[in-house]
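Chain by chain, the residues run as shown.
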Amino acid sequence: GKGRTLAGFVVENIARGRKKHVWISVSSDLYEDAKRDLRDLGMGSYAEKKCYNLGKLPYGSLVGGGSSSKASSKSRRKGRRGRPAKAKPVNGDFEEGVMFATYNTLIGKSAKGTRLDQLIEWCGGDDPESFDGLIMLDECHKAKTIDLDKDGNVVKGASCSQTAARVVDLQSLLPRARVVYCSATSVSQPKNLGFMSRLGLWGPGTEHPSGFNQFLDGIDRLGTGAMELHAMHLKSIGAITARTLSYSACEFEMIDGVGSDRVRQVYNSSAELWTDLHSQLADRCMKLQEVEMKNKRIQAIQDRDETLTGDLLYHQDLHMDSDSEGEDSDDEDEAVAEQKRLRRKFRNRKPKHLKGLFWSAHQRFFRSLCIASKVDKAIEIAKKAVHEDGHCCVIGLQSTGEARAKGAAKSSGIDLDRGAGALGDEFVSAPNEDLKRIIMQMFPLPPKPSGVIAPEFLNVLKNEEISDTEDETSSSESSSPRVSSTGRPSRRARKNVASYSELHIDDAGNDRSKRKRKQPTKKETEKKGSKSSKKRRSSASTSSVTKESDEESADEESESDFTVELSGDDESTFKKSDDDTLDSDDDDDYSSNKRTTRKSIPWNEIPLEAEGLVSHDDQVEHERMVRYRKHAEQVKKWLDTVDNLELPANPLDRLLNELGGPDEVAELTGRKTRQVKVYDAMKDKHTVIYEKRKGDGPMDKINIEEKNHFQSGTKKIAILSEAASTGISLQADKRVQNQRRRVHITLELPWSADKAIQQLGRTHRSNQSSGPIYKFLISDVGGEKRFASAVARRLALLGALTQGDRRATGSANSLGLGSFDMDNMYGRRALRSIYDMIWKSSTVSVLDDDTLDGANSLFVEALKNIDEQLSRALEENDDWENNLIPYDVTTQAESTHADFMYNLLTGSCKGLAYDRVHAIKSGRSIPSFMESLANGTEDRDTVKSKIDLEVKAAKEAGLNFNVLCNIWLYDVGVMQDGKTSTSDVPKFLNRLLGMNLNRQKYMTQYFLKSLENEVNSAKRSGTYDVGIRTLSGNNIEFADKPRTFSFRGLDAKDDRVFVYRVDQDQGTSPETAIELYNEIKDDSSVPTSRDEYIRRGDRLQIVSGFYVDSRNFWRKSPKVFLIINPGAHSHTCITIRPNVGRRTRHKDDVRAMLRGGNLTSVGANRAMEIWKREFELADISANEMYQFSCPGRHKQSFVFAGSIVPILNKLLVSAGHSGNDQEKKEFCVVRVETSNSMSDGDNTEKEASQESSDSENDEEEANEVEIGVFDSVVGGQEDTGKGVARQSDKIGASVIRGVITKYKDDDKNGDHDPSGTFYTKFSDGNKLKMDAAQVTKARKLFEKEASRLVAAGMPRVDAINSLEEFTAAGVSVKSKIRQPILGDGEDEDPENYEQIFEEKFNGKVPDAVVGLMFESKMVFARDATNNTVEVPLHEKVLMNLSMRLMSEGVESARQLYNLEKAECRDDNHAKFGSMMKNDED
């Protein structure tokens, strides 16, 4: 595993004399794992004595350990960067060893300094640049949220996490450190690579010297396949190793359609409530905009010292913030004050922020319902796995719902710091708490007038706040602190997860976080309680502010988004800033000492009618009271609706308690408290209590305890959240007692691919006795596929960045998520297509009648909606079109809906509208039928038959599925208003979450069917993108050996660029054509009959099949086509020809050919006759024509492969590409796989034999010898040069490899055959003499070790050729010297500039390559004499590149050859002399 590999790096570097190393990971729990990995490599004593946990050490200098040496004295006097040292040296010996730290530790700081400074000082003391040890960044994806400027410096802000900034600083401050980036997931986007500065992809000396941003521009410039190309380059130079455990031992099951009837009912009711909230959101935003505009006018007038008009004065007084909610109680507590302050904040939201809040809350709410719908199924599977199948179970969640439970506990009066408290009979419902909180935040009550008794439901408002933006990914992706609207870091954002935070350590090493908070004195308590109704008048601006008393500190019990949580020496008290809300009850007109005394009145008894109000003040006060009552009534109605929904309980608490409780279930989460159901003997029933999690040890070790309980078999079920998804091992490890097979249930898919892999990797790890059984639960909520889509897409990108091939990951498909990848180019095309059909009310749909058979109730529902709208329009007169937009609309929601129905019924559905108007006048409206059923004048069957007739007539008049979709999308905020993005798949799927489940099902099917058609269309046309374009055709092969170039001189003399000539038969054989034809006949989604279409006017429809163009000017043969129409969703057709293969053509062009009579439909037999003839005629070059406009099918392409990434920009510039986005790209990244790569073994042997012959002929220039084939039979002299190995007796169980340097036939070992002595030399420097038996044993061990390396993925040639530096002259070492094309002096001739950097190719031609292909076309270029010549584009690239490198002074291939030859001669002399000396000895 990764940990063992990192430990191996430590062992190697210790052996090389490097004494200090840094190991950084995500959790302090992994400190013990790091020590375990070192112990497993034979470093047990070192692990115990020389491994330190930086987070457990006090702040201070770790250099010198309190000694009086000059170095330590100097270090104490002056800190790094010239700052005075603030801390004394820490007691202890830290002169060498491994310093372990977490990413949280890196960002830690105190008054005595920062952890980063402490670590830098330990690494290098006064000279950190001398540090050459390891920096191992385990789980390095934690640093991926990075933003760098053009100079590579960190740009601090929301887009850059503190963790990433510290990781970048650490690498820059220790420039000679050896850096290892280690992660199970790495990154899934190129922009997240910024912290990996040591990869050598950007910076001085690379193709992107300006830095990381230039590298990103290069990725964008290269286009599709750029990520794969760079990943393969890194693998080729040994800078990246991407491996994965085999999934062969795992089982995968995708359980789709999971749900329960009760949750479905709750979901549909919730969707109705959210639709109502969405309609009110428009009014709320409009009113906020009106208030903002008037406030700006008032401010402008006041700035000019002018008098306000009566209207503006009335507006100012009406909206004066004079919230007097606290006057009802003399001892107002802090929670009430906090709620008042938050309400003021929510009242003044910007409309754009309000919409973002709404949709992000909308997404979270329905996601929580999706999870709740799967809990019953998860419990059923877990119980079966444990009790019937004999397995153990791991259940994966992302969120715990602890924050909502805390809110419920606080509102119940439970003191969370004092331990347990009773919540009631049932678990707290997280969706219920969320929804109530959202309603109060989205629609806060206006300022409460004086004398009004506030409603009790105000207490549901909690102190947490939802995100300000509609973020499609988890906010936990970034480690940067959240900032409240006041500009201060959020207290909640600063709070670390339990057992994963750095402890606060003082100088003595004590944990300060365990100290009790100071309790307020009685005097302080009285002072807080008597916080008066002293109010101050506010300005007229909307954002009013509150000034709180200085006594309010950050240690208050109620969490607030406006305070910062600090501890230890960092604890301090913050005052509110000036932009906090000010109360305004001290206004001259409204202050308590001047307002007319009135009796207090409950909010719901405020009179709605004005009686005898004459003065301005009384009118304003009455309107304020009426507004307050109406708004409170609306909010109360919503809150009552929420309570009536009976929303499900928190999934984690249900799972924990129904699977056996804390005694049977191991909980590995980040929460500190939880809900537990216990039996109350006094009441004789079970009660839910709120208690702190507890274990045998400290709180920060509780997850380790729970893991050990699970691994020992004490607990058979484990529940895993995101907080424990990294680093914890729960697999069936051979070293643990619990050997039951793991059943891993994924209840909640994470928001990103890397988190998904991290969580799934807890149960599938190295050294396991059995692979896990994965069960993915996907609910029957269609919109939940959005979350699976995000994960599947990121998995594909993850593979492209790490393995060089997004197909090679296999991750999405292996994990059962391949079918959910919808957020891609095909998904965007499908979405644009269905939007186009929906907004045009197209009669064509990709869903067939069978699929829509159960949607009749939805048609009735839509028709009822239309009839109601038209009936209201007909009430005044017959001018129903103008009446569709009434004059008496009072709200923005009504106005928007009227506009929508007007555009629908007078636009694409005008025919339907006229038909329904006639039906309504005839008494056949759907509402009238339903009314007759309700009042009992007609029975159910009679009404149903009448409604069915009306629906049938409406369908004939234009009511179709696309009209229904248009109405449904409007209800969830998707309209044809120019603002809706027609290609935003995540947003579309998020909106689907808010639909009724029945509607949602059909909309999801509509989208998925369109997506399927788009994918099938791309596959048939040969344009399906899997990252890198793969050359396709009837036959693909390389023509001869590639040309080989060394373009980087001495900077990288081993880098080679190969230019392959690819012969591509791009035609389509008759056999392939008939297979495709039979395939489309069997595919119901591809129309092959005109009867499948509904004709619209005289529009000609395209039927898939064979067509022939038989016009007279085709002299040798008619042109035959196979045309495939993907369906109504696509604007293009696939046309297939015998000579050029597959192409896409716009349907209008195909229709023009059909309408003009150029194409005639023919049967398959006739088509095959013509196809075979054309296929034979096209057996010529693509540059030739066998008849007019019919080129041959054989095409030549040139592909640049090998080490092209370091010269990528030079290649593109040499091709004349400027980098302009609007410029046509004449290049692309391609994959070439030869047609005979899997079957032509004879040719491979023939080529290898030919290469061997060529090498022998070039013996005078090639110093080439080969290591012999493994043979355990010892023969004597012929064994010289063979590999041997021996077991180390010092470093664990390591195997030391070596080589037989010579054999001496001295007959000293008469008992063996041969009887001579073998001289060997090993990689640790030891030289040993061996007899035949010992050599035989050493040879077998060497072969075993080499086989193990090959099995681990190392090429065989590397496994047996790693002994070069230990062999003497004359020993068979494979060391080829380059063979330049030009001889001495020829490389100085300008006429030969194209060949100056070229050398002979030595090696085997591969079966497949990936590289850069330039278009096959002729272009003009300048030769060495500055003449204009016409050459192929790839030749122009070589010419321009060679001339540029010559001008830069890059060494030619001949110069490199001469240098290598001289070095080889010197080495041979030195080795020969050493061997002679050994002989003398």
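Being a predicted model, the structure only gives us computed values, none of them experimental. (Residues numbered from 1 in each chain as written. Predicted model: local features only at pLDDT ≥ 70, side-chain atom pairs only at ≥ 80, totals over all residues. Heavy atoms only, no water.)

Undergrad: Where do I start with the overall build of the protein in this structure?
TA: Counting its secondary structure elements, the protein contains 43 helices and 39 strands. By residue count, 51% of the 1481 residues in the protein fall in the buried class. A total accessible area of about 68800 Å² is found for the protein, and carbon and sulfur atoms account for 46% of it. (Helix = DSSP H or I, 4+ residues; strand = E, 2+ residues; numbered from the N terminus. Buried < 20%, exposed > 50% of the residue type's maximum accessible area, 1.4 Å probe, protein only. Areas by Shrake-Rupley, 256 points an atom, 1.4 Å probe, with all protein chains shown as cover.)

Undergrad: Please explain the nonpolar core as it appears in this structure.
TA: Here is a general trend for soluble globular proteins: nonpolar side chains tend to be buried in one another's company. Counting 100 residues, the largest nonpolar core has Leu119, Leu137, Phe1047, Phe1200 and Leu1412 as the members making the most contacts within it. Membership of the second largest hydrophobic core comes to 62 residues, among which are Leu904, Phe961, Phe988 and Leu1011. (Core = buried A, V, L, I, M, F, W, Y, C linked by side-chain atoms within 4.5 Å.)

Undergrad: Explain the sheet that holds strand E1 (residues 20–25) to me, please; I cannot follow it from the model alone.
TA: Adjacent strands of a sheet pair through backbone hydrogen bonds, lying either parallel or antiparallel. The five strands are arranged E2-E3-E1-E6-E7 in an open sheet whose pairing can be described as parallel. A strand with exactly one partner marks an edge of an open sheet, and here the two such strands are strand E2 (51–53) and strand E7 (178–182). With direction set aside, neighbouring strand axes in the sheet form an average angle of 15°. Bridging between E1 and strand E6 (residues 134–138) involves three bridges; their strand directions are parallel. Within the sheet, the bridge partner assigned to isoleucine 24 lies in E6 and is leucine 137. Set on the sheet, helix H1 (residues 2–15) makes contact with E1, strand E3 (97–102), E6 and E7; between it and E6 the angle comes to about 175°. Along the sheet, helix H2 (residues 30–40) makes contact with E1, E2 and E3, crossing E2 at roughly 175°. (Pairing = 2+ DSSP bridges. Axes fitted to C-alpha atoms, helices over the stretch in contact; angles between N-to-C directions. Contact = heavy atoms within 4.5 Å.)

Undergrad: Where do I start with the environment of threonine 714 in this structure?
TA: Topologically, threonine 714 is positioned in the loop between helix H21 (702–712) and strand E16 (717–720). Between the alpha carbons of threonine 714 and aspartate 663 there is a distance of 9.0 Å; along the sequence they are 51 residues apart. A polar atom in the side chain of threonine 714 sits 3.0 Å from the side chain of serine 712. (Polar contact = N/O pair within 3.5 Å; in protein donor to acceptor, adjacent residues only side chain to side chain.)

Undergrad: In this structure, what is going on with a negative patch on the surface? I would like to understand it.
TA: On the surface, a cluster of negative charge is contributed by Glu875, Glu876, Asp888 and Glu894. One can find glutamate 894 in helix H28 (residues 892–905). For glutamate 894, a relative accessible area of 41% gives the class partly exposed. (Patch = residues over 30% accessible without salt bridge, like charges linked within 9 Å, V, L, I, M, F, W, Y side chains within 5 Å. Salt bridge = Lys/Arg side-chain N within 4 Å of Asp/Glu carboxyl O. Lys, Arg positive; Asp, Glu negative; His and termini not counted. Charge placed at Lys NZ, Arg CZ, Asp CG, Glu CD.)

Undergrad: Looking at this structure, I do not really get the pairing of strand E31 (residues 1227–1233). What am I missing?
TA: Consecutive side chains along a regular strand alternate between the two faces of the sheet. By the criterion of burial, E31 is predominantly enclosed, with six of the seven residues buried. Of the strand pairs in this sheet, strand E19 (residues 1029–1030) and E31 are connected by two bridges, and their pairing is parallel. Note on E31: the bridge partner recorded for arginine 1029 is valine 1230.

Undergrad: For this particular structure, what's the right way to read helix H42 (residues 1433–1447)?
TA: Because an α-helix completes one turn every 3.6 residues, residues spaced three or four positions apart along the sequence face the same direction. Under the 1.5 Å per step criterion, the end-to-end length of H42 is 21 Å for 15 residues, consistent within 8% with the ideal 21 Å. Within the span of H42, buried status applies to Leu1433, His1434, Glu1435, Lys1436, Val1437, Leu1438, Met1439, Leu1441, Ser1442 and Leu1445. Looking one or two residues past H42, glycine 1449 carries a phi angle of roughly 80°, positive in sign. (Expected span 1.5 Å × (residues − 1).)

Undergrad: Teacher, can you tell me more about the pattern of salt bridges here?
TA: Once the charged atoms of two side chains with opposite charge are near each other, the side chains can pair. Inspection of every chain in the model, using the stated rule, returns 53 salt bridges. The residue aspartate 376 makes a salt bridge to arginine 654 at a minimum N-O spacing of 2.6 Å. One end of the pair, aspartate 376, is in helix H14 (residues 375–387); the other, arginine 654, is in helix H20 (residues 651–658), with 278 residues separating them in the sequence. For aspartate 376, a relative accessible area of 39% puts it in the partly exposed group. Among the ionic pairs, glutamate 1399 bridges to arginine 1056, the shortest N-O distance being 2.6 Å. A residue pair is termed long-range when its members are at least 10 positions apart, and glutamate 1399 in strand E36 (residues 1398–1399) and arginine 1056 in the loop between strand E21 (1043–1045) and strand E22 (1057–1065) qualify at 343 residues. You'll find glutamate 1399 and arginine 1056 in the same group, each marked buried. Several salt bridges share partner residues, and in doing so they unite Arg4, Asp33, Arg36, Asp37, Asp40, Asp733 and Arg735 into one network.

Undergrad: I tried to follow the sheet that holds strand E35 (residues 1327–1330) on my own but got confused; where do I start?
TA: One open sheet accounts for four strands, arranged E32-E33-E34-E35; its pairing is antiparallel. The strands lining the two open edges of the sheet, one partner per strand, are strand E32 (1283–1287) and E35. Between one strand and the next, the sheet's axes are offset by a mean angle of 40°, whatever the strand orientation. Pairing of strand E34 (residues 1317–1322) with E35 involves four bridges; the strand directions are antiparallel. Note that in E35 the partner of threonine 1320 across the bridge is leucine 1328. Its contacts with the sheet put helix H40 (residues 1332–1351) on E32, strand E33 (1295–1304), E34 and E35, and the angle it makes with E32 is roughly 90°.

Undergrad: It is not clear to me how the packing of helix H26 (residues 856–873) against helix H32 (residues 961–971) should be interpreted in this structure. Could you clarify?
TA: The packing of two helices is summarised by the inter-axis angle and the distance between the axes. Packing of H26 against H32 brings their axes to within 10 Å, and their N-to-C directions diverge by 65°. With respect to H32, the element H26 is oriented roughly perpendicular. The element H26 and its partner H32 pack so that their crossing is left-handed. Contacts from Leu858, Phe859, Glu861, Ala862 and Asn865 of H26 reach H32 at Phe961, Leu964, Ile967 and Trp968. (Parallel < 35°, antiparallel > 145°, perpendicular 65-115°, else oblique. Left-handed = near helix turned anticlockwise from the far one by under 90°.)

Undergrad: What exactly am I supposed to notice about H20 here?
TA: Most of H20 is tucked away: seven of the eight residues are buried. Taken together, the buried residues of H20 touch helix H13 (351–372), H14, strand E9 (392–396), strand E13 (665–668), strand E14 (673–680) and E16. Two residues or fewer past H20, glycine 660 is found with a positive phi of approximately 125°.

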